[in-house]
Amino acid sequence: ISAFLTIQEGCDKLCHFCVVPYTRGPEYSRPFKQIIAEAEQLIENGVKEITLLGQNVNAYSYLENNKEYRLSHIINCLNQYSELVRIRYTTSHPRDMTEDLIECYSSSQKLMPFVHLPIQSGSNRMLELMNRKHTVDDYLNIYERLKKINISSKATDFKKWDSLAHIRIILEIEKISKKKGHEQGVRNSIKISESKKKLDFRIREISYSEPFPNNDE
């Protein structure tokens, strides 16, 4: 049995393409104790998996008695309930992928080895125009930190971050497309996906309506 538990609503990032700040309002985090009480009720009712929800879920921040509660505090608290088997969260922003949250992938036995972390573009110029407030290097730094946890992990059933391997491939495709235009970029994406059967369904989603700017750094 799986259940969704909203912990946060709204967003303050103001990406130029996004309506969330105007339809959902500014970021609001629910009280920590209220969330845990609701989670306890779900667990008592037989829920084995909880997915923590928010328009920008890893921006969760609730201040009580001069103590700030973050998403990592919720995960670590839920990890203590023996009846709960799995913990997930979605959706995240690279700017809020903090070290304490990344560490949860090492310390929590119940946090699933998955992260939905949209990069939106492999072009720093495009990211700036979109007002994403992060760069390609910022994103890859997160990837490397997650991969480092995987290397030191004792898990033997699967490698935690194989699913993130497509990031570098996607960035390379976008660099090719920036230089050679739309059609060449699509051809290369298909060629790479054929050599990476495991990533095929992700890579085939890539398409370009126009060439990338030539003055991108």
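Just above, that's the structure.
Residues numbered from 1 in each chain as written. Predicted model: local features only at pLDDT ≥ 70, side-chain atom pairs only at ≥ 80, totals over all residues. Heavy atoms only, no water.

A look at the packing of aromatic side chains
Then comes step 1: Per the counting criterion, the structure on display carries two aromatic pairs.
Then comes step 2: Considering the side-chain rings of Phe32 and Tyr69, the 4.2 Å spacing of their centres and the 15° angle between planes classify their relative orientation as stacked. One end of the pair, Phe32, is in helix H2 (residues 32–44); the other, Tyr69, is in strand E6 (residues 67–70), with 37 residues separating them in the sequence. Each member of the pair, Phe32 together with Tyr69, is buried.
Then comes step 3: Where Tyr89 meets Tyr105, the ring centres are 6.4 Å apart and the plane angle is 50°; that geometry is what we call tilted. Taken together, the residues Tyr89 in strand E7 (residues 86–90) and Tyr105 in helix H4 (residues 99–107) connect sequence positions 16 residues apart.
Then comes step 4: Judged by its relative accessible area of 1%, Tyr105 falls in the buried class. (Phe/Tyr/Trp six-rings, centres within 6.5 Å; stacked < 30°, edge-to-face > 60°. Helix = DSSP H or I, 4+ residues; strand = E, 2+ residues; numbered from the N terminus. Buried < 20%, exposed > 50% of the residue type's maximum accessible area, 1.4 Å probe, protein only.)

Digging into the sheet that holds E7
Then comes step 1: As summarised here, the arrangement of the three strands in space is E1-E4-E7, forming an open sheet in which the pairing is parallel. In the strand order of this sheet, the two ends are held by strand E1 (2–6) and E7, each with one partner. Going across the sheet, the axis of each strand differs from the next one's by a mean of 25°, ignoring polarity.
Then comes step 2: When strand E4 (residues 49–53) meets E7, the two strands line up parallel, connected through five bridges. In the strand pairing of E7, Glu49 is matched with Arg86.
Then comes step 3: Lying on the sheet, H2 is in contact with E1 and E4; it crosses E1 at an angle near 165°. (Pairing = 2+ DSSP bridges. Axes fitted to C-alpha atoms, helices over the stretch in contact; angles between N-to-C directions. Contact = heavy atoms within 4.5 Å.)

Side note on unusual backbone geometry
Then comes step 1: Residues Thr90 and Thr91 are joined by a peptide bond in cis, for which omega reads 5°.
Then comes step 2: Within the secondary structure, Thr91 is located in the loop between E7 and H4.
Then comes step 3: The phi dihedral of Gln120 is positive, around 75°, even though this residue is not glycine.
Then comes step 4: Tracing the backbone shows Gln120 in the loop between H4 and helix H5 (124–129).
Then comes step 5: Looking at Gln120, the relative accessible area reads 38%, which means it is partly exposed.

Quick word on H4
For an α-helix, the turn length of 3.6 residues means that residues three or four places apart are oriented alike.
Then comes step 1: For H4, the full list of buried residues reads Leu101, Ile102, Cys104 and Tyr105. The buried residues of H4 occupy an angular sector of 140° when projected down its axis, which confines them to one face. (Arc of directions from axis to C-beta.)

Let's talk about the pairing of E6
Then comes step 1: Pairing analysis gives four bridges linking strand E5 (residues 61–64) to E6, with the strands arranged antiparallel. The residue of E6 that forms the bridge with Leu63 is Glu68.
Then comes step 2: A loop of two residues connects E5 with E6, the two strands running antiparallel in sequence, and Asn65 in this loop sits at a positive phi of about 55°.

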